[in-house]
Protein chains: 2
Amino acid sequence: MLGNFSYCNPTKLYFGEDSLQALNTELPKYGKNVVLIYGGGSIKKNGIYQDVMQILQENGKNVAEIAGVMPNPTLNKLYEGVEIARKHQADFLLAVGGGSVCDYAKAVSVSVNCEEDPWEKYYLRFEEPSCETLPVGCVLTMVGTGSEMNAGAVITNTETKMKIGHVFADEKIMPKFAVLNPRYTLTLPHYQMVAGIYDIFNHICEQYFSGEDDNTSDYISEGLMRSLLHASRIANQDPQNYEARSNIMWTATWALNTLVAKGKSTDWMVHMLGQAVGAYTNATHGMTLAAVSLPYYRHILPYGLKKFVRFAEAVWDVNPVGKTDEQVAQEGLDAMEAWMRELGLAMKLSELGATEEMLEGLADSTLIMKGGYKVLDRPEILEIFRESL
Amino acid sequence: MLGNFSYCNPTKLYFGEDSLQALNTELPKYGKNVVLIYGGGSIKKNGIYQDVMQILQENGKNVAEIAGVMPNPTLNKLYEGVEIARKHQADFLLAVGGGSVCDYAKAVSVSVNCEEDPWEKYYLRFEEPSCETLPVGCVLTMVGTGSEMNAGAVITNTETKMKIGHVFADEKIMPKFAVLNPRYTLTLPHYQMVAGIYDIFNHICEQYFSGEDDNTSDYISEGLMRSLLHASRIANQDPQNYEARSNIMWTATWALNTLVAKGKSTDWMVHMLGQAVGAYTNATHGMTLAAVSLPYYRHILPYGLKKFVRFAEAVWDVNPVGKTDEQVAQEGLDAMEAWMRELGLAMKLSELGATEEMLEGLADSTLIMKGGYKVLDRPEILEIFRESL
């Protein structure tokens, strides 16, 4: 049932081909000292960096930079960014990139004025900030994570091999605004595009596959999944299709901005399995999820049969006539597998550099979540990793 | 296609049985002088008034009241409320009621410091406020309009018999927060409950029946419609079903908070027809929409055939095998009609007090919108009213 909750997502979204111009509306609201945060430098090749810098200069901003934010932002990189932001007396953090860059900017935001070690406070004790945080804005260049409209921030501790996400409760941690220009995503390699698409799909699944009632969140989730399937098939054939990439970008935002989690316990076990793989292999996030998903869902299917039947019919148009519930549910997952293969997703962990020798360590690094249809034990986690290999 | 747009809905929603306690979190953020706005006094019978007043007093607020806000708030009532808010030097407006009360509070908010006549500025010239506005909070006791999370405010000028809605562009006009307690809706008479349900459904239709592409908004709309159909059938049989009423309440908010309008031209012609009826008969809003909907949709069906086919299959599970598109589309509307009759909605304007003699006047009072599949002319409007009679 829907139950008791609050919802607030104040992030202002600017969507479309001209949306970067919104920086001229938003930047004047914040102080002079801006830290520009970005990743490996692709934004310099495609011209986005130059466009952003010009607008920052036209708005009289004093800009410092944190460059080289990696796909799985590390704790050491966080420490480095905090130092830069402190030294610059930053008033505002502008993230230009994908989910990792947005996540990282939020992690810097809550850490700049934090007197404790942010890893211990936010990622081991899962506390809320007790200090002033810095406002964050995002210019999105890759889609998938939904980080542009939520208060989540995943950080990887490479020493302890732990990749942990903290979704902060306070909406002030959410970006103040996000610029969503689908055209920026057109230059992304096919591999990254489909990894992002699967990340979006899995975000919806993680919320959908929990609970047994028919609440509004499940119906919205089914709409988002159908939209994503439709657009992904077009984009897979024709990556330059602006319309399809627009719908993928918009779906990504709504897949993980807390809306479809309302009234749901939510699962997130696929993310826990995938994040363990990410910490070991540094593989692309969406691909780690893809490789473990089907073994996981086939494993929990008997415990959530009713929902898997609904999934098969409402998302994959499986015709239930003359079939058992088990058959319908299996056909749904078979249809999902066919779609994943069509996109060219990683279907095995071995494709991502994981090895037999890593399995015990992966199982050790996997946090066990309790919201899904079956709370896994360690042998089950090991079994799922083995089946995924 | 999705195109270019911005989206921002900063309203904080507190949902569930204990949500009124959120007033203790929200009220301290605003000044001492509060104007409490409500309707016909049912909140005094069911105890909500007393609960709200107690919390206002515990928070040290100095309270004035605007009582008797009617189902179609009038311009004269707006003038009266503006005077009360000015005299009280209001810092905050707290609306306790349904959509009319929330709409009215927003209209007062933009008018208190307005030096011009608000009817002319906001409802004839559709301008944005150029003055300071007052913050508004809502405690919702009836569902349907979605007014609790949008910047719309409908006002009726009884002298000119014009009922006009203005959806303001600036998100600061949206309520700062809304308290959504499904239990408050359980005491509503069946007639009001189903009228609200149809209002929600029609809000989705007005946005869905525009454009021919497959964008994400349409998929979300289909999810919301399916959720509403499911919950409405439960609530119709068992109005005390808290779970069903919860899902109806939550769907209502998302049906009209701008989300499913993104990338859509939107139509709103059913609302224009219904609002003309409302101005003449003072009938319940949702019922005026119900009475004109099917004649309108059957009239425009040939111009939006592809979308009506999709509607039939995706929302009403019409099986298209062996049928023409026209047959599938008609079956969709037939299924919708059967559902409307099942709920006991007004299917004819004559049930609402409209007469043959009113038809010319109704047509004169109907604003013509241009976003749907066919821009109506006056003879078509007259014809639809006649078929609805």
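This report concerns the structure included in the present document.

Here is what the cut-offs are and how they apply
- Residues numbered from 1 in each chain as written.
- Chains lettered and ligands numbered in written order.
- Predicted model: local features only at pLDDT ≥ 70, side-chain atom pairs only at ≥ 80, totals over all residues.
- Heavy atoms only, no water.
- Helix = DSSP H or I, 4+ residues; strand = E, 2+ residues; numbered from the N terminus.
- Rg over C-alpha atoms; globule rule 2.2 N^0.38 Å.
- Buried < 20%, exposed > 50% of the residue type's maximum accessible area, 1.4 Å probe, protein only.
- Contact = heavy atoms within 4.5 Å.
- Pairing = 2+ DSSP bridges.
- Buried area = accessible area lost by both parts, 1.4 Å probe.
- Salt bridge = Lys/Arg side-chain N within 4 Å of Asp/Glu carboxyl O.
- Phe/Tyr/Trp six-rings, centres within 6.5 Å; stacked < 30°, edge-to-face > 60°.
- Lys NZ or Arg CZ within 6 Å of the ring centre and 35° of its normal.
- Axes fitted to C-alpha atoms, helices over the stretch in contact; angles between N-to-C directions.
- Left-handed = near helix turned anticlockwise from the far one by under 90°.
- Nonpolar A, V, L, I, M, F, W, Y, C, P; charged D, E, K, R; others polar.
- Least-squares fit on C-alpha atoms with pLDDT ≥ 70 in both.

Our next topic: the overall build of chain A. Regarding its fold elements, chain A presents 15 helices and 8 strands. In terms of overall dimensions, chain A is globule-like: its C-alpha atoms have a radius of gyration of 20 Å, near the 21 Å expected for 389 residues. With respect to the principal axes defined by its C-alpha atoms, chain A has extents near 70 × 45 × 40 Å. Every one of the 389 residues in chain A was classed for burial, and the buried ones make up 64%. Here the analysis covers contacts within chain A between residues at least 6 apart in sequence; of these, 79% occur between residues at least 24 apart.

Residues and elements named next belong to chain A. Both strand S6 (residues 152–157) and strand S7 (residues 162–167) contribute to a ladder of 6 bridges, which runs antiparallel. Looking at S7, one finds that Val-154 is bridged to Gly-165. Linking S6 back to S7 in an antiparallel pair, the connection comprises 4 residues, with Lys-161 at a positive phi of about 55 degrees.

With 40 residues of chain B at the contact, the number on the chain A side is 40 residues. In total, about 3,400 Å² of surface goes out of reach between chain B and chain A, with carbon and sulfur atoms giving 60% of it. Per-residue buried area on chain B facing chain A is highest for Tyr-7, Tyr-219 and Trp-250 of chain B; these three make up 18% of the total on that side. Linking chain B to chain A there are 2 salt bridges.

The full count for this structure, using the stated rule, is 53 aromatic pairs over all chains. Above the face of the Tyr-303 of chain A ring, Lys-374 of chain A is positioned so that its terminal group lies 5.8 Å from the ring centre.

A separate point is the environment of Gln-50 of chain A. All names here are of chain A. Secondary-structure assignment places Gln-50 in helix H3 (residues 48–58). Looking at Gln-50, the relative accessible area reads 40%, which means it is partly exposed. Apart from residues lying up to four places away in sequence, Gln-50 is in contact with Ile-43 and Lys-44.

Residues and elements named next belong to chain B. Two numbers describe how helix H7 (residues 190–208) lies on helix H9 (residues 242–255): the axes approach to 9 Å, and their chain directions differ by 35 degrees. In terms of crossing hand, the pair formed by H7 and H9 is left-handed. Between H7 and H9, the contacting residues are Met-193, Ile-197, Ile-200, His-203, Ile-204 and Gln-207 on the first element and Arg-245, Ile-248, Thr-251, Ala-252 and Ala-255 on the second. When its residues are assigned to classes, the contact of H7 with H9 shows 7 nonpolar, 3 polar and 1 charged.

Turning our attention to the pattern of salt bridges. What the rule picks out here adds up to 46 salt bridges over all chains. Residue Glu-116 of chain B pairs with Lys-121 of chain B through a salt bridge whose shortest N-O separation is 3.6 Å. With relative accessibility at 4%, the residue Lys-121 of chain B sits in the buried group. Ionic contacts of the salt-bridge type, sharing partners, join the residues Glu-116, Lys-121, Arg-125 and Glu-127 of chain A into one network.

If you rotate chain B by 180 degrees and push it 0.0 Å along the axis, it lands on chain A with an RMSD of 0.0 Å. The operation mapping one copy onto its partner corresponds to a two-fold rotation axis. The position closest to the rotation axis in chain B is occupied by the C-alpha of Pro-10 of chain B, lying 2.0 Å away. The overlap is high: 100% of the interface residues of chain B also sit at the interface in chain A, so the same surface is used on both sides.

Right, let's get into the sheet that holds strand S1 (residues 5–15) of chain B. Across the sheet, 12 strands lie side by side as S3(A)-S2(A)-S4(A)-S5(A)-S8(A)-S1(A)-S1(B)-S8(B)-S5(B)-S4(B)-S2(B)-S3(B); this open sheet has mixed pairing. Whereas interior strands pair on both sides, the edge strands pair on one side only; in this sheet they are strand S3 (62–66) of chain A together with strand S3 (62–66) of chain B. Neighbour-to-neighbour, the strand axes of the sheet open up by a mean angle of 25 degrees, direction not taken into account. Bridge analysis of strand S5 (residues 136–140) of chain B against strand S8 (residues 177–180) of chain B gives 4 bridges, and the strand direction is parallel. When the bridges of S8 of chain B are listed, Gly-137 of chain B appears paired with Phe-177 of chain B.

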